[in-house]
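Structural description and commentary
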Amino acid sequence: MFIKLIIYFSLIYLTYSDQNITANIGQDITLSCFYENQSQIDQLSFMHQTTGDILSLGLELFLDDSVANQHMKLIQFSSNRLDLKIFSVNQNDSGLYTCMFNDEKLSSYLLEIFIPPRFLSFFPLEASVSYPEGSSINFSCHAYAFPPANITWIYRNQNKQFKNIQSGDEIYIPSVEPLDSGSYECIASNGYHQAISRAFYVTVQYPPHVTIDKFIDLNQRPIQFKCEICSVPLSHIEWFRNGKNIIDEQHFLIKTNSLQTENKDCLTTTLTFQDPIYEKFGRYECRAENILGHYSDHIDYQSKTVPIPKLRNEQSALLILPNKTIEFPNSSSCSIQLNSSFILSIIFIFFNSYLLL
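The paragraphs below set out a description of the structure included in this document. Here the residue numbers are simple positions, counted from 1 along each chain's written sequence. Local features in a predicted model are, by the rule used here, given only for residues with pLDDT of at least 70; side-chain atom pairs are given and counted only at 80 or more, and totals for whole chains, interfaces and linings are based on all residues. Only heavy atoms go into the side-chain values, all of them from the structure, while hydrogens and water stay out.

Re the sheet that holds strand β19 (residues 244–245)
The strands making up a sheet are joined through hydrogen bonds of the backbone, oriented either antiparallel or parallel. What makes two strands pair is DSSP finding at least two bridges between them. We count a stretch as a helix when DSSP gives it H or I for four or more residues in a row; a strand needs E for two or more, and each element gets its number in order from the N terminus. Across the sheet, four strands lie side by side as β19-β18-β22-β23; this open sheet has antiparallel pairing. Two strands close off the open sheet at either side, each with one partner strand: β19 and β23 (293–301). As defined by bridge partners, strand β18 (residues 236–241) adjoins strand β22 (residues 282–290) across six bridges and the pair is classed as antiparallel. Considered in β22, the bridge of Phe240 is made with Glu285.

Here is the structure:
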């Protein structure tokens, strides 16, 4: 029982007397050993307890000359102090060092080598990746450092707006949407060294989303049809009238421009009648197609006839308006005054007069 107590208190003393030294890789450190008089120096030794290596005895290093000259050196600082200097420490130098006089420990040092973060692995390997809409994606970053590094993730959208999304080595999205496109960056930091990061730019691909403007501005001439297409990758766009491709640029003008929207890649295309005489009624369709599919939207531009009874011995005029046709009585000498801002065309059709019986 007495022996156990001696060993226990001895271990407490050894632990208590250890001095902690921290250093970054590449730094030089000095371990000092103090003794009573010069006659003791031949019995002094430095040991690397972690590896079990005896590094020196007296003023002699037990290392190859090439290693000793480049990495370790004994320096007699004074008559009662001997230093072991380690140049440009590396990870293998960490551990417990002791200075011994015969079997007596004079001093001990616990050397901790701080290691800046470095990535051991990450996924995906590419800096820029594409995923179809609705698929799942997984990102991972694994880093090593001492002290250990923490991993945080930051998301930046196409407008450079960012937010912290989570911490940990991995991030998982079960079903991506177009709004998930952007940059996902993992940052590794241990609070002692400069943080490191790895960014992955994600493009979410999706088939065309097509929307045609159903409003026709009758105060504007010539008439225009407008269509918006959002897709990734960008789509091939065509216009159709009653199912037939519009390719006659003498009668129609088609312009396509890019459109900036939040986290979307969009285009606008406009179909313009070159001349009012070619403003034909019918179904106008905007079609878009990319590698993921195709979609279309349409607008019906047509007339509706609303007859009005006419009296005998009268002629009639037919007024054709967008989505509205009115037939009304009129005399042969009557002049017709209408608001020209919304009339497409006026066609006068004269009928034979009927005599009163």
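Some remarks on the state of the cysteines
Defined by distance alone, a disulfide is two cysteine sulfur atoms within 2.5 Å. Tallied over the entire structure, the rule returns four disulfides. For Cys33, the disulfide goes to Cys99, at an S-S distance of 1.7 Å. Its torsion about the S-S bond being -70 degrees, the disulfide of Cys33 and Cys99 is classed as left-handed. Of this pair, Cys33 sits in strand β2 (residues 29–34) while Cys99 sits in strand β8 (residues 95–101), and the two are 66 residues apart along the sequence. Note on classification: 1.4 Å probe, protein chains only; a residue is buried when its accessible area is under 20% of the maximum for its type, exposed when over 50%, partly exposed between these limits. A relative accessible area of 1% means that Cys99 is categorised as buried. The disulfide that involves Cys141 links it to Cys186, with 1.9 Å between the sulfurs.

A closer look at a nonpolar patch on the surface
Two joining distances apply to patches: 9 Å for like charges and 5 Å for nonpolar side chains (Val, Leu, Ile, Met, Phe, Trp, Tyr), and every residue must have over 30% relative accessible area and no salt bridge. Calculation of accessible area relied on Shrake-Rupley with a 1.4 Å probe; when residues are assessed, cover is drawn exclusively from the protein chains displayed. The salt bridge definition used is simple: a Lys or Arg side-chain nitrogen within 4 Å of an Asp or Glu carboxyl oxygen. On the surface, Ile54, Leu57 and Phe62 cluster together into a nonpolar patch covering about 270 Å² of accessible area. For Ile54, the location among the structural elements is in strand β4 (residues 53–57).

Points about the nonpolar core
In these notes, a set of buried Ala, Val, Leu, Ile, Met, Phe, Trp, Tyr and Cys residues joined through side-chain atoms within 4.5 Å is what counts as a nonpolar core. Within the largest apolar cluster, 23 residues are counted, with the highest numbers of intra-cluster contacts made by Ile29, Leu31, Leu44, Phe46, Leu84, Ile86 and Leu111. Within the residue set of this core, elements represented by two or more residues are β1 (18–24), β2, β3 (44–48), β6 (72–78), β7 (81–86), β8 and β9 (104–123). Beyond its immediate sequence surroundings of up to four residues, Leu111 is in contact with Ile21, Ala23, Ile29, Asp93, Ser94, Gly95 and Tyr97. When checking whether two residues touch, look at their non-hydrogen atoms; a contact exists if any pair is within 4.5 Å.

Quick notes on the environment of Leu110
Considering the arrangement of structural elements, one finds Leu110 in strand β9. In this structure Leu110 comes out as partly exposed when scored by relative accessible area, which is 32%. In this structure, Leu110 is in contact with Gln19, Asn20, Ile21, Gly95 and Leu96, ignoring residues within four places of it in sequence.

Observations concerning the sheet that holds β6
The strand order across the open sheet built from three strands is β2-β7-β6, with neighbouring strands paired in antiparallel fashion. Sheet topology places β2 and β6 at the edges, where each strand pairs with a single neighbour. Neighbour-to-neighbour, the strand axes of the sheet open up by a mean angle of 25 degrees, direction not taken into account. Note: β6 against β7, six bridges, orientation antiparallel. Its bridge partner lying in β7, Gln76 is registered against Leu82. Working convention: axes come from line fits to C-alpha atoms, limited for helices to the stretch in contact. Angles between N-to-C directions cover 0 to 180 degrees.

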